[in-house]
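# Results of the structural survey
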Amino acid sequence: MARDVLRPTALDELRRKLRAGNLAEELLKPGKEVVLRAGDRKLTRDELRIEAETVAGGLQACGVKAGDRVAIYAANSLEWVKAYLGVLRAGASAVMMNPDYHSAEAEHILRDSDPLLAIADAPRAVIVNKLGVQVIALAQLPRGDAPPMPRLSPESPAAILYTSGTTGRPKGAVLDHGNFLAQGRGALEVWRWTARDVLVHALPLFHLHGLGMGLHGTLLSGGSAILVPFTPENVVQQLTHGGTMFFGVPSMYQRLCDWLDEHATDLSHVRVFVCGSAPLPPALFERCERLLGQPPIERYGITEGGIVVTNPYDGPRQPGRVGYPFPGVEVRLGELDEVLLKGGQVFQGYWRNPNATKEAFTPDGFFKTGDVGEIAEDRMLAIRGRIKELIITGGFNVYPREVELVLEAHPAVQEVAVAGLPSDKWGEQVTAFVVPSGSAPVIESELIAFAQERLASYKCPKRVITIDKLPRNAMGKVQRSVLTATKPS
Ligand code: AMP
């Protein structure tokens, strides 16, 4: 059991077992049953396996070799899944790109990850083309004869997931086959996921939550998933027609509850709801308990460290606390009560960034999450805040500096600091505090539009507040906590 205190040798042995194998081989098991649905389309396990093999053959014919990188820049779809599994099956690693990225953000990821080619859907292919990276249309995935299964180890890279550094520039976290296998196998155990389960999958596939839990868990469990664009109607429709599991972020649960308030629906048959990626406010926990028939199981994770802590499936689920470690995972608190992690899910390092990698680990090999934690007497973890000044809005991460850099380029702005203000709808709302330059008027709607032309919409400020000067500490650093306590006039 995850909560047992294991001797280090037993823990190492457990981690080795959880990490063992080749991810492509484990995800693509044969079977005649339907594994994925989207709209009125469906794929059996055998069809999915053959698709992945054929795409792998096609990619190899395009020059992709084991160890190469292939970027995927597209919205969720069955083709996205085929492309991704084709990349893995070819022995390459997939560079995950948020389809919401604008050109400058896409450019940074593509330059940094240096892929051999990018697979993109029609709107994103235009952006990739402009950047001079070879692009394959998602609608016309290359096809070829099934290549032999590549010989890979658990340490072979499987994907690069971009996360943001404190400077605001996204860094590539390299996740290996073993990371994803430990992640997926852990999820099956903690949430009792079986071949009878049907996941209603409405999370972005490029993110660890939707990929490492949603997609991989489905394929490893022997169960199936229905891909739907997130709307409360879509989710409820699928949960009342065979869905047994739903994974979401708090803002999704907020919208689901708002909808259920208006359209009372009995969802008490659903086996499990899981929530994470941002704090689940206790009021929302209780609302879910009332409207869904059970509170969601809150879990905690981070791209580099994996989704590694969860409230118990059987035991009482606790509002405001994220629970106990997954199998094989150790959690402890470091300086400033920073949450430190060790386990089979924890990444090897940042792509081409040995300095950042070195800084990310303690000398004894624990990953430093940047989150502030508290461990109670019963060993349950609670997350108290973030050392880094991350804003989490609608489950997405926004680093203030990245937004500030954009707004600083506007003529009306002399100085700007960006912080998250609490919001019922978004969890936190990106808010810009602007010191006017005096050479042009600060017009809220104009600054928001200026940001929208340059940043993914979730990163753009929802409010712009004018102030005389930025509060700074003795070291000249902006004190964001003072700003977030400022009441807009
Ligand atoms: P990401 O790398 O996008 O998964 O974001 C990871 C960050 O999300 C963590 O470092 C935490 O700050 C935050 N996070 C994830 N799950 C939770 C949770 N259940 N409660 C509070 N914060 C969370």
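Residues numbered from 1 in each chain as written. Predicted model: local features only at pLDDT ≥ 70, side-chain atom pairs only at ≥ 80, totals over all residues. Heavy atoms only, no water.

## Some words on helix α6 (residues 122-130)
For α6, the complete set of buried residues consists of R124, A125, I127 and V128. The arc enclosing the buried residues of α6, seen along the axis, measures out at 160 degrees, which places them on a common side. Among the exposed residues of α6, those oriented more than 90 degrees off its buried face are A122, P123 and K130. Turning to α6, the residues buried within the fold contact β3 (69-73), α5 (103-113), β5 (117-120) and β6 (135-137). G132 lies just past α6 and shows a positive phi near 75 degrees. (Buried < 20%, exposed > 50% of the residue type's maximum accessible area, 1.4 Å probe, protein only. Helix = DSSP H or I, 4+ residues; strand = E, 2+ residues; numbered from the N terminus. Arc of directions from axis to C-beta. Contact = heavy atoms within 4.5 Å.)

## Structural notes on the site of the ligand
As a matter of local geometry, the ligand sits amid 16 residues, with H207, E298, R299, T303 and D371 nearest to it. At a separation of 3.0 Å, an oxygen atom of the ligand approaches a polar side-chain atom of H207. Between N397 and the ligand, the recorded distance is 3.1 Å, taken from a side-chain N or O atom to an oxygen atom. About the coverage of the ligand: the protein hides 95% of its 490 Å² of free accessible area. Only β13 (297-302) and β20 (381-386) provide two or more residues apiece to the shell around the ligand. When residues in the shell around the ligand are grouped by element, the largest group, 5 residues, is from β13. (Near = heavy atom within 4 Å. Polar contact = N/O pair within 3.5 Å; in protein donor to acceptor, adjacent residues only side chain to side chain. Areas by Shrake-Rupley, 256 points an atom, 1.4 Å probe, with all protein chains shown as cover.)

## What to know about the sheet that holds strand β15 (residues 324-325)
Within a beta sheet, neighbouring strands are joined by backbone hydrogen bonds and run either parallel or antiparallel to one another. Within the open sheet, the 9 strands sit side by side as β2-β1-β10-β9-β11-β12-β13-β14-β15. Their pairing is mixed. Each edge of the open sheet is held by one strand with a lone partner, namely β2 (41-44) and β15. Examined bridge by bridge, strand β11 (residues 245-248) and strand β12 (residues 272-275) share 4 bridges and lie parallel to one another. In the sheet register, G248 faces β12, and the bridge partner there is C275. Against the sheet, helix α10 (residues 250-262) engages β11 and β12, with an angle of about 120 degrees to β11. (Pairing = 2+ DSSP bridges. Axes fitted to C-alpha atoms, helices over the stretch in contact; angles between N-to-C directions.)

## Describing the packing of helix α4 (residues 78-89) against helix α8 (residues 208-221)
At their nearest, the axes of α4 and α8 sit 13 Å apart, and the two run at 80 degrees to each other. Here α4 is positioned roughly perpendicular relative to α8, judged by the angle of their axes. In contact with W80, V81, Y84 and L85 of α4, α8 contributes L211, L215, H216 and L219. For the contact of α4 with α8, the per-class residue count stands at 7 nonpolar, 1 polar and no charged. (Parallel < 35°, antiparallel > 145°, perpendicular 65-115°, else oblique. Nonpolar A, V, L, I, M, F, W, Y, C, P; charged D, E, K, R; others polar.)

Purely geometric numbers; function is a separate question.
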